[in-house]
Number of protein chains: 2
Amino acid sequence: MPEISVRGLEMPESPIRKLAPLAAAAKQRGIKVYHLNIGQPDLPTPQVGLDALKHIDRKILEYSPSQGYLSYRTKLVDYYAKYNIQVTPDDIIITSGGSEAVLFAFMSCLNPGDEIIVPEPAYANYMAFAISAGAKIRTIATTIEEGFSLPKVEKFEELINDRTRAIMICNPNNPTGYLYTRREMNQIRDLVKKYDLYLFSDEVYREYIYTGSPYISAMHLKGIEQNVILIDSVSKRYSECGIRIGALITKNAEVRKAVMKFCQARLSPPLIGQIVAEASLDAPESYYRDVYDEYVERRKCLIDGLNRIPGVYSPIPMGAFYTVAQLPVDDSEKFCRWCLETFNYEGETVMLAPAAGFYTTPGAGINQVRIAYVLKKEDLERALVVLSKALEAYPGRTELR
Amino acid sequence: MPEISVRGLEMPESPIRKLAPLAAAAKQRGIKVYHLNIGQPDLPTPQVGLDALKHIDRKILEYSPSQGYLSYRTKLVDYYAKYNIQVTPDDIIITSGGSEAVLFAFMSCLNPGDEIIVPEPAYANYMAFAISAGAKIRTIATTIEEGFSLPKVEKFEELINDRTRAIMICNPNNPTGYLYTRREMNQIRDLVKKYDLYLFSDEVYREYIYTGSPYISAMHLKGIEQNVILIDSVSKRYSECGIRIGALITKNAEVRKAVMKFCQARLSPPLIGQIVAEASLDAPESYYRDVYDEYVERRKCLIDGLNRIPGVYSPIPMGAFYTVAQLPVDDSEKFCRWCLETFNYEGETVMLAPAAGFYTTPGAGINQVRIAYVLKKEDLERALVVLSKALEAYPGRTELR
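Rules behind the numbers
- Residues numbered from 1 in each chain as written.
- Chains lettered and ligands numbered in written order.
- Predicted model: local features only at pLDDT ≥ 70, side-chain atom pairs only at ≥ 80, totals over all residues.
- Heavy atoms only, no water.
- UniProt positions renumbered as here; feature names shortened; annotations may be inferred.
- Least-squares fit on C-alpha atoms with pLDDT ≥ 70 in both.
- Contact = heavy atoms within 4.5 Å.
- Domains from an automatic or database assignment.
- Buried area = accessible area lost by both parts, 1.4 Å probe.
- Salt bridge = Lys/Arg side-chain N within 4 Å of Asp/Glu carboxyl O.
- Helix = DSSP H or I, 4+ residues; strand = E, 2+ residues; numbered from the N terminus.
- Nonpolar A, V, L, I, M, F, W, Y, C, P; charged D, E, K, R; others polar.
- Buried < 20%, exposed > 50% of the residue type's maximum accessible area, 1.4 Å probe, protein only.

- Within an unreviewed UniProt entry, the label attached to chain A reads Pyridoxal phosphate-dependent aminotransferase, and the organism entered is Hallella mizrahii.
- Its UniProt record gives chain A the following Cofactor (unreviewed entry) comment, quoted word for word: "pyridoxal 5'-phosphate".

What follows is the structure, given as structure tokens:
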């Protein structure tokens, strides 16, 4: 039997999805599971998107252009203009989810052995895409104690060597909910410029910023226009995770040319998803406002609730719909497994994402979890009760700090 | 400005899609273009699939499981059983098109520098996915003169060295329409067994076999069950190229485990596409028969018509809906460009895929094109007239052979 590839062995399992079989087994046993592990909002898709789906009147579900429909790309230009991101339809390449945008960016910009600096904790799949491309992620630590703010520029420079080719950020951040400040974004800009790096900027949560702070896109930064590659997705914006529509956007024509070759190889992004996503751009202002207001409520509910549980600490996330919280447990992965395999409170349990999978530093995040506040408030409140009972009962509970 | 990756430079442009901008420009000038370049059937998607699309009654277009819906995988088991392919739902992983299945198979099974033997001409995107994975395609020549039959086993063995890890076939073949015989399949089986290779078998055209010859799946071959990875897609079977639903199927649990990590990283295959594909499995027998009968007609129309044009030669393809034909031209890419840029006959022209892009041997296929018979008979007949006029007028025409 031939061996599988080294890459296949090195690929991490998703910290978000790998416990899914345990959750399925718990459900089989009749346990209700509150899914706080995954960024799958329970909020409705915009009605205009659902209507467009119902009204598809094609006889053939044919290929779309490899770059994505021009009509959709044209309409996206106006969407980005609202955020003061000035692009043309040519700058935009539609991808199968933001995931494919990250993969193609890495494939097009990085050689095997090249290094990407990523603040950790980081979205775990960046690691998977880096391994796919043979590139190496070098993480720069941010800590829960400092609210996940970026360390000083010197810490970045310590990591930069002749294989460093890129910095990658997620802003607002998944998993921490952190929003980069003007000072931090300028610091990144200066590094990118000084060392002529690519800046991959995943900004799929731009709708969800809860403080008065401004959203600063990597595409707002002056002087590094040719270095920036914006990663986007409609998954979270419109509760359309399943349609697999993302985008890779850059002013760099050489990068677009390379990315388009990967796009041609996979033929086209999903046809129906593009139709739904294009229609969803016409969602009324009230849709965005309602969704936003809902997350504001949920954030308050979750963070207050977490910090009331003895031994639990969560900073207040400024954006996205996640937080990384510290639990009074020996090992959060053991705890998460135990919640699904052993524990229930009145027939219910919680599923969380062990945070160690978002760090590359060994031991980092061992007692942390990522929690997504994507459930409605009553469910979140109930999940907090169940979590608190679980922490009381868990045999690996540690001393309160 | 940072450089793009070597891989980004090496990626081939799609021979099928790279001339698309010229076709778009021709259409802008009011020229009607007959698309014989791309395997985009004009036949309708099954009504059951279209109905399922219309009846989607979800409020949230959510993620599906990374492996694809169990209900769909379960139903596929019966579909494959009709072809005497015995699999379980666990053996099946749903992908974003057959393309992703090829990419993940290469990523999971091949290390950078590993070699795959592929008979040429071959589907051009295998090359792109090999480059993505850092693997190397070594081609074994088949020729139009010999009807693209496989060379003797010795020719394969000449290519096998300690980096050889796999053989890849497409059966029935894209681009040639060739169908591997029992003898050829046994020859491949013996090689796979002797050298413990993977066998990647792309069988997306199994519905379209026009001779009395049996379809022999790689999964029918005894003794290499752990080596075979089947690539599939609903694109051609149901005229559903746009929904991006394919599958990777293997009895090898280690391979599935590795592939699943790539699947988790990209989260999930398209949700809506899976709903449509699952419903399409209920297409009545009459759907398959009508589509089949239509291709039989078109094949006859195209091949007869081609061979009537002076200087043109096409073997009779036994399956799929392509043929590779030889034209009396200096360079088929120049000819294809000229058809789109310069030529028209009564306001019409043809778009063909230059065949050189399906070969890796320099100079091979220089006067060949791939032609897809995916247009209705009247259009095919008219396209043949236009092609014949183009060949008369083309300045780079060569002597008749």
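What follows picks up the thread again.
**Here's the deal with the relation of the copies chain B and chain A**
- Between the two copies, chain B and chain A, the superposition gives an RMSD of 0.0 Å; the rotation angle is 180° and the shift along the axis is 0.0 Å. Such values leave the two copies arranged in the relation of a two-fold axis. Scanning chain B for the C-alpha nearest the rotation axis identifies Lys54(B), at a separation of 2.4 Å.
- Most of the interface of chain B is mirrored in chain A: 100% of its interface residues are interface residues there too.

**Here we look at the domain arrangement of chain A**
All names here are of chain A.
- When its domains are assigned, chain A resolves into domain 1 (6-44 + 286-393) and domain 2 (58-280).
- The C-alpha centroid of domain 2 is placed 25 Å from the C-alpha centroid of domain 1.
- Taken together, the contact between domain 1 and domain 2 spans 40 residues of the former and 37 residues of the latter.
- The largest contributions to the domain 1 side of the interface with domain 2 come from Tyr-288, Met-318 and Phe-358, which together make up 21% of the buried area.
- At the junction of domain 1 with domain 2, the criterion picks out zero salt bridges.
- Those elements giving two or more residues to the side of domain 1 that touches domain 2 turn out to be helix 1 (6-10), helix 11 (285-308), strand 9 (322-326) and strand 12 (368-372).
- A per-element tally of the side of domain 1 that touches domain 2 places helix 11 first, with seven residues.
- Split by residue class, the side of domain 1 that touches domain 2 holds 26 nonpolar, 10 polar and four charged.

**Here's the deal with the pattern of salt bridges**
Residue and element names in this part refer to chain B.
- For the structure shown, the criterion picks out 46 salt bridges over all chains.
- Across the salt bridge formed by Asp-114 and Arg-163, the nearest N and O atoms sit 2.8 Å from each other. Highlighted residues: Asp-114 in the loop between helix 5 (97-109) and strand 3 (115-120) and Arg-163 in the loop between helix 7 (153-159) and strand 5 (164-170), separated in sequence by 49 residues.
- The buried category is assigned to Asp-114, whose relative accessible area is 3%.
- Relative accessible area serves as the criterion here: at 32%, Arg-163 is assigned to the partly exposed category.

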